[in-house]
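Breakdown of the fold
Below are the chains, spelled out letter by letter.
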Amino acid sequence: MSAREPWCLGLVAALSLGAIVPGAGAQVSTEWPGGDGPGRPARWSPLWIDADLPRDLPNLPLGYDRRSTNRTLSGAFWTFGNPAGLPLDLGANRSDYSGAMRRERGGYRRPLDAGYRASSRLTASSWARLSSAFGVVGRATLDRETTGPGGQGNQLESYPSSPFVLTDTTTNPSRRLGVRLEAAAGWTVGRWSVGAAVGYDARDYRTTAGGFERRARQAMPGVVLGVGRRVGELALGLQGRFRRRAETMTLFSDFVIGQVRDLRGYQDVQPIPVADGYYRRVVEAASGVGVDMGLPVAGGRAMAFVRWGALSERGTRQQREHPDSDRWDARSVTGGGSYQRPLSDRWALTFNARYTRLTGDGDAALDSAAVVFGAVESVLESIGELTWRSATGSWHGRLGIGARSERRARNDHVALVSSDIRGFEPTVEVAVARSVTRRLDVTLGAGWAQRSARASIPDPAGRGPTYLALVAPELDLHTREATVVGARVEARWDAGRGTSIWASWSGQRLAPAGPIVASGGRSFGDRTSGLFLVGLTLVGIE
């Protein structure tokens, strides 16, 4: 390996970073900027699945990279996750090494959310075109998160589409560790292309203080296989994906007697005292198959895809073979498209859209064979981006206008109540980069998003204590108008030979449009977060 191959060093580092922490893993906040918007690089992950639509709080990505060749990454691989498209989607060889620290606090939270989070993250990623027909990409992420008191959730994802969620009566602080490894490779042979992507995520979560201890572990492998075929200017693709997740939660009572509430939708479940310990295991299998296509249109390139997904979740609290299990089965269909066109040598336009519809039904372990909870949920995300650079290349800019629309209809057939929430969230992001000197670039960015909702939710009158404490506040929060504002500043130093050192800071404030007093007398304030990143980027060195 020569010193002139930093992409290879980056790939080796990306794949080895997680290996130095055997058995580590844990919940990492999914609200890191730049990771989950439509068409963003996170979509290529082999651990991505469509058949679950977690309910997240509003968030701004605020991501802009002057060295992104003046365009958003787009293509069958970046946008749709088909590894067969990798050789065609790669730009110049690139490696990134970064560290991040994030702080988040405030009263704008749901009952299962922690009041305070402090996160740190190390990431190594790299992609390279080894030949005109072969490309690879790899990424490794190591996370550590500590949470303050407040959250009552035990699972690593507190608000999934599934109605079966484990909670308890304590609010102890916790520590969460996580490692994620992902890699993909694609080959082109004549008009055919094939590719494969693999990923593994391991997480560990436990309380750090108090007489009631929580422990949770999760292992999640995933794989994607893809094939592509070019017919003239038309590119066709087919992909299949599979992901398995196993999560084990154990609760111990040392000198404080705690209680567990095993939520089952909107039912008012009875608390379970924990003396000698409480055990719960969730095993999930998710799969999907999809087709995609791309062709030149009006001076640009248009792409579209459809993917069908299925998820089967089984949860049990009995440590024996073939136990009775809570059952959650979901099916999804996801469709989307992208269009990217250079308007000139200085202007470029990119548009991405994605729609997912999920239907799910569940049955409790000790209940009848009939469905006890059903959900029909859908999310539509879209974003248009206009990028620009000056004739001299000293100025760069980006304007992004997006929208997110969701509908969540959830029906509890035992409690005989239902909710129907329709939310809409427009987003505007602006970024301007300036070459202050020959080697120094400075980027300033700002963003705004506002969530509004129309909803029909159960009347809390006459509902039990579990509903009032854990369910009603979440429904109230998602039906109220809220605004997110954020800002970002970045400095990047060009060290020469395609090497740059950079640092950035971004901050956000999420707040309701007016005072909120939820059912049960709970009030909500605002929520602020700050993210600091520092990194090294190597571009175009072979």
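Described below are features of the structure shown in this document. (Residues numbered from 1 in each chain as written. Predicted model: local features only at pLDDT ≥ 70, side-chain atom pairs only at ≥ 80, totals over all residues. Heavy atoms only, no water.)

Another aspect to go through is the pairing of strand β2 (residues 116-131). Looking along a regular strand, one sees the side chains alternate between the two faces of the sheet. When strand β1 (residues 94-106) meets β2, the two strands line up antiparallel, connected through 12 bridges. Counterpart to Ser98 in the pairing with β2 is Thr123. In terms of strand pairing, β2 meets strand β3 (residues 134-147) through 14 bridges, oriented antiparallel. Bridge pairing in β3 places Thr123 opposite Thr141. (Pairing = 2+ DSSP bridges. Helix = DSSP H or I, 4+ residues; strand = E, 2+ residues; numbered from the N terminus.)

With that out of the way, let us pick up the sheet that holds strand β4 (residues 164-168). Read from one edge of the open sheet, three strands run β4-β9-β10, paired in antiparallel fashion. At either margin of the open sheet sits one strand with a lone partner, and together these are β4 and β10 (272-274). Strand-to-strand twist in this sheet, taken as the mean axis angle between neighbours without regard to direction, amounts to 30°. Pairing geometry for strand β9 (residues 258-264) and β10, over three bridges, is antiparallel. Bridging across to β10, Val260 finds its partner in Ile272. (Axes fitted to C-alpha atoms, helices over the stretch in contact; angles between N-to-C directions.)

What follows concerns the environment of Pro512. Tracing the backbone through its elements, the reader meets Pro512 in strand β20 (residues 499-512). Looking at Pro512, the relative accessible area reads 18%, which means it is buried. Taking C-alpha positions, Pro512 is 7.3 Å from Gly525, a pair spaced 13 residues apart along the chain. In this structure Pro512 touches Tyr108, Glu481, Ala482, Phe524 and Gly525, once residues within four positions along its chain are discounted. (Buried < 20%, exposed > 50% of the residue type's maximum accessible area, 1.4 Å probe, protein only. Contact = heavy atoms within 4.5 Å.)

Size it by volume and the second largest pocket reaches roughly 390 Å³. In terms of lining, the second largest pocket is formed by 24 residues, of which the most central are Ala76, Leu88, Asp89, Arg301 and Met303. Taken together, the elements giving at least two residues each to the lining of the second largest pocket come down to α3 (86-89), β6 (192-207), β7 (212-231), β8 (234-253), β12 (300-316) and β13 (326-342). Class assignment of the residues belonging to the lining of the second largest pocket gives a composition of seven nonpolar, 10 polar and seven charged. (1 Å grid on protein atoms, 1.4 Å probe; cavity = no way out; pocket = protein on both sides within 12 Å on 5 of 7 lines; lining within 4 Å. Points joined across faces, edges and corners; volume = space filled by probe spheres on them. Nonpolar A, V, L, I, M, F, W, Y, C, P; charged D, E, K, R; others polar.)

A few words on unusual backbone geometry. Residues other than glycine seldom take positive phi values, yet Ala298 does so here, at roughly 55°. Relative to the helices and strands, Ala298 is located in the loop between β11 (278-297) and β12. Relative accessible area serves as the criterion here: at 55%, Ala298 is assigned to the exposed category.

Using the criterion set out here, one finds eight aromatic pairs in the structure. Here Tyr266 and Tyr467 contribute two aromatic rings whose centre-to-centre distance is 6.3 Å and whose plane-to-plane angle is 90°, an arrangement assigned as edge-to-face. Linking Tyr266 in the loop between β9 and β10 with Tyr467 in helix α4 (residues 465-478), this pair joins segments that are 201 residues apart in sequence. By relative accessible area, which is 1% here, Tyr467 ends up buried. Here the aromatic cluster, defined as three or more aromatic residues joined through ring pairs, consists of Trp44, Phe77, Trp78 and Trp127. Above the plane of the ring of Tyr467 lies Arg463, whose end atom (NZ or CZ) is 5.6 Å from the centre. (Phe/Tyr/Trp six-rings, centres within 6.5 Å; stacked < 30°, edge-to-face > 60°. Lys NZ or Arg CZ within 6 Å of the ring centre and 35° of its normal.)

Take the pattern of salt bridges next. All chains considered together, the criterion is met by 39 salt bridges. Note that Glu104 and Arg527 form a salt bridge whose closest N and O atoms lie 2.7 Å from each other. Within this pair, whereas Glu104 is found in strand β1, its partner Arg527 is found in strand β23 (residues 527-539), the two being separated by 423 residues in sequence. Both residues of the pair, Glu104 and Arg527, count as buried. Across the pair Arg245 and Glu247 runs a salt bridge, and its minimum N-O distance is 2.6 Å. Since its relative accessible area comes to 2%, Glu247 is described here as buried. If you follow the salt bridges from partner to partner, you end up with Glu377, Glu381, Arg404, Glu406, Arg408, Arg410 and Arg451 in one network. (Salt bridge = Lys/Arg side-chain N within 4 Å of Asp/Glu carboxyl O.)

What follows covers the environment of Arg261. Mapped onto the fold, Arg261 is located in strand β9. In this structure the C-alpha to C-alpha distance between Arg261 and Asp168, which are 93 residues apart in sequence, comes to 5.5 Å. Aside from chain neighbours lying at most four places away, what touches Arg261 is Val165, Leu166, Thr167, Asp168, Thr169, Val269, Pro271, Thr466 and Leu470.

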